[in-house]
Amino acid sequence: MDKKINVTRPSMPSFDEYAAEIKSIWDSAMLTNFGPLEERLKGELEKFLGVKNLPLFTNGHQALLAAISVIALPGKSKVITTPFTFASTTEAIAGAGLKPVFADVDPVTYTLDPKKVEKLIDDDTAAIIPVHVYGNVCDTRTFEKLSEKYRIPVIYDAAHCFGVRKDGVGIGNFGTASMFSFHATKAFNTIEGGAAAVPEKYAQAVRNFANYGLCGGATPEINGTNSKMTEFQAAMGLCNLRHIGEVTEKRAAICAKYTEILTEGSFFDAATGVSGNGIKLIPYQAGVTKNYAYFPVIFGKAESDGSFTPGDQERLLKVIENLQNINVFPRRYFYPLISEFTCMKKYRPRKTPIAKRLSDNVLCLPLYAELSLKDAARIAKTVLR
Ligand code: T4K
């Protein structure tokens, strides 16, 4: 292919549409500190995501840090989480002065396994942070039961789950709180940006956290930082939100094309994503609407009982090479496993074999609205070659 195809490319409005949106900033002279565009975007996103309180932030990482800092149980030191995620999840835990404790993931959805989490809960557990990885929704029902049984907050990292609904309910309504990322590389972007969906009782504190903890008065009641969303970010969000339906449809069509070609000539179990072509794709989840944020392919072997054993790095590396030869640059999200980072060694992470196998064998194919179906077909054929 002549042009370089990266794993993603941000969706953007036309220049004129953005210029029209930012024009008011020259009248208001409000650039940041909860300006009118930020307020408007907050309201529109609350409606779109079906949540009541959605403080906005300069990025998703800061939104997660704020949620943990305000909601995690005081006086406790550990947070149980997944190692199969982006560095941000664990960095936010560490940033809040807490210790990440890793539990393994479910082999079908790749999300944190609540049964493994329960075994790790003790008197020092401050919170549980599962991640809806790639838009696959966690076992929210079991996490809710754990949360009630042990009186521990569950804060979801929903960075990959913008617009996803489960049984008609916006994903931000599950658990005690949920963080969204609006980074340039996400299904919806505000350039950089993020938000925390929180219940009423935490809403003001989480919003104040973004402004040094200032609560309207001069003396902060809580410690905080500066992580407010600017008016230019909000303007991008307002524009992009207008086009989200059309962008999601295009992403869905690309995923359908990838799936069609990658599973050709062999069996495909949509419920698990397992194909006889030695790959596993995103599983179908009953009642869950997808946002087509990522297209991960796991390389390995389909077993006769319908399960899948990840494990074909040789093929994965060959696929990367073949794709790079045609100017296509997929990404190994998430490799290596977070628990293998040098900076995590001090937490003495336990072994998580399922997450490890996934991480070693996963490749995310390019996915963005402007990717043509012709290019998607060629990429998929190259993966199968
Ligand atoms: N939790 C989870 C589970 C997450 O995945 C993330 C972020 C977070 C929390 C934290 O949310 P934020 O604080 O970021 O809001 C990217 C993103 O920086 C990061 O937001 C994202 N997850 C992560 C999965 O991926 P990189 O290092 O892969 O990005 P980069 O710069 O290599 O970009 C990937 C490709 O996208 C490039 O090949 C080119 C293209 N690109 C990128 C940017 C930034 C563009 O075409 N335009 C752009 O502006 O981390």
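Before reading on, note that the structure itself is shown above.
The sections below set out a description of the structure shown in this document.

### Here's the deal with the nonpolar core
Then comes step 1: Counting 45 residues, the largest nonpolar core has L45, L54, V117, F143 and F182 as its most contacted members.
Then comes step 2: By residue number, the principal contributor to this core is helix 8 (residues 231-242), which donates six residues.
Then comes step 3: Setting aside residues no more than four positions away along its own chain, L54 makes contact with K42, L45, E46, L49, F180, A195, A196 and A197.

### Brief notes about the sheet that holds strand 5 (residues 125-129)
Then comes step 1: With respect to topology, three strands assemble into an open sheet ordered 4-3-5, the strand pairing being parallel. In the strand order of this sheet, the two ends are held by strand 4 (99-102) and strand 5, each with one partner. The sheet shows a mean angle of 30° between the axes of neighbouring strands, taken without regard to direction.
Then comes step 2: As defined by bridge partners, strand 3 (residues 78-81) adjoins strand 5 across four bridges and the pair is classed as parallel. Bridge pairing links T81 to I129 in strand 5.
Then comes step 3: Docked against the sheet, helix 4 (residues 87-95) engages strand 3, strand 4 and strand 5, running at close to 135° with respect to strand 4.

### What to know about the site of the ligand
Then comes step 1: The environment of the ligand is formed by 27 residues, the closest being D157, S181, K186, R331 and Y333.
Then comes step 2: At 2.7 Å from an oxygen atom of the ligand is found a side-chain nitrogen or oxygen belonging to S181.
Then comes step 3: K186 places a side-chain nitrogen or oxygen 2.7 Å from a nitrogen atom of the ligand.
Then comes step 4: For the ligand, whose unbound accessible area comes to 930 Å², protein coverage reaches 74%.
Then comes step 5: Elements supplying a minimum of two residues to the shell around the ligand: helix 3 (60-71), helix 4 and strand 9 (177-181).
Then comes step 6: Across the shell around the ligand, the residue classes tally to ten nonpolar, 13 polar and four charged.

### Examining the packing of helix 1 (residues 15-28) against helix 8
Then comes step 1: Where helix 1 meets helix 8, the closest approach of the two axes is 9 Å, and the angle between their N-to-C directions is 145°. Note on packing geometry: the crossing formed by helix 1 with helix 8 is right-handed. Along the contact surface, helix 1 presents E17, Y18, E21, I22, I25 and W26, while helix 8 presents E231, F232, A235, M236, L238, C239 and R242.
Then comes step 2: Of the residues assigned to the contact of helix 1 with helix 8, the class counts are nine nonpolar, no polar and four charged.

### Details of the state of the cysteines
Then comes step 1: Under the counting rule described, the total for this entry stands at zero disulfides.
Then comes step 2: Here C161 is not cross-linked by a disulfide; its sulfur's nearest cysteine counterpart is in C138, at 7.9 Å.
Then comes step 3: Accessibility expressed as a relative area gives 0% for C161, which makes it buried.
Then comes step 4: Cysteine C364 remains unbridged, with the sulfur of C255 as its closest cysteine sulfur at 11 Å.

### Considering the pattern of salt bridges
Then comes step 1: Summed over the entire model, instances satisfying the criterion amount to 18 salt bridges.
Then comes step 2: The salt bridge involving E38 is made with R207; its shortest N-O contact spans 3.1 Å. On the criterion of sequence distance, the pair formed by E38 in helix 2 (residues 36-49) and R207 in helix 7 (residues 200-209) is long-range, its members being 169 residues apart.
Then comes step 3: Measuring nitrogen to oxygen at the nearest pair gives 2.5 Å for the salt bridge that ties K78 to D122. In this pair, K78 is assigned in strand 3 and D122 in the loop between helix 5 (114-120) and strand 5, connecting sequence segments 44 residues apart.
Then comes step 4: Note on D122: relative accessible area 32%, which makes it partly exposed.
Then comes step 5: Linked by salt bridges that have partners in common, E17, E21, R40, E44 and R242 make up one network.

### Here's the deal with the environment of R165
Then comes step 1: Mapped onto the elements of the fold, R165 is located in strand 7 (residues 165-166).
Then comes step 2: C-alpha of R165 to C-alpha of V137: the two residues are 28 residues apart in sequence and 9.1 Å apart in space.
Then comes step 3: Setting aside residues no more than four positions away along its own chain, R165 makes contact with K47, F48, L49, G50, G170, I171, G287, V288 and T289.
Then comes step 4: A distance of 3.4 Å separates a polar atom in the side chain of R165 from the backbone oxygen of F48.
Then comes step 5: Within the structure, R165 has its side chain in polar contact with the backbone oxygen of G168 (distance 2.9 Å).

The rules we used
Residues numbered from 1 in each chain as written. Predicted model: local features only at pLDDT ≥ 70, side-chain atom pairs only at ≥ 80, totals over all residues. Heavy atoms only, no water. Core = buried A, V, L, I, M, F, W, Y, C linked by side-chain atoms within 4.5 Å. Buried < 20%, exposed > 50% of the residue type's maximum accessible area, 1.4 Å probe, protein only. Helix = DSSP H or I, 4+ residues; strand = E, 2+ residues; numbered from the N terminus. Contact = heavy atoms within 4.5 Å. Pairing = 2+ DSSP bridges. Axes fitted to C-alpha atoms, helices over the stretch in contact; angles between N-to-C directions. Near = heavy atom within 4 Å. Polar contact = N/O pair within 3.5 Å; in protein donor to acceptor, adjacent residues only side chain to side chain. Areas by Shrake-Rupley, 256 points an atom, 1.4 Å probe, with all protein chains shown as cover. Nonpolar A, V, L, I, M, F, W, Y, C, P; charged D, E, K, R; others polar. Left-handed = near helix turned anticlockwise from the far one by under 90°. Disulfide = S-S within 2.5 Å. Salt bridge = Lys/Arg side-chain N within 4 Å of Asp/Glu carboxyl O.

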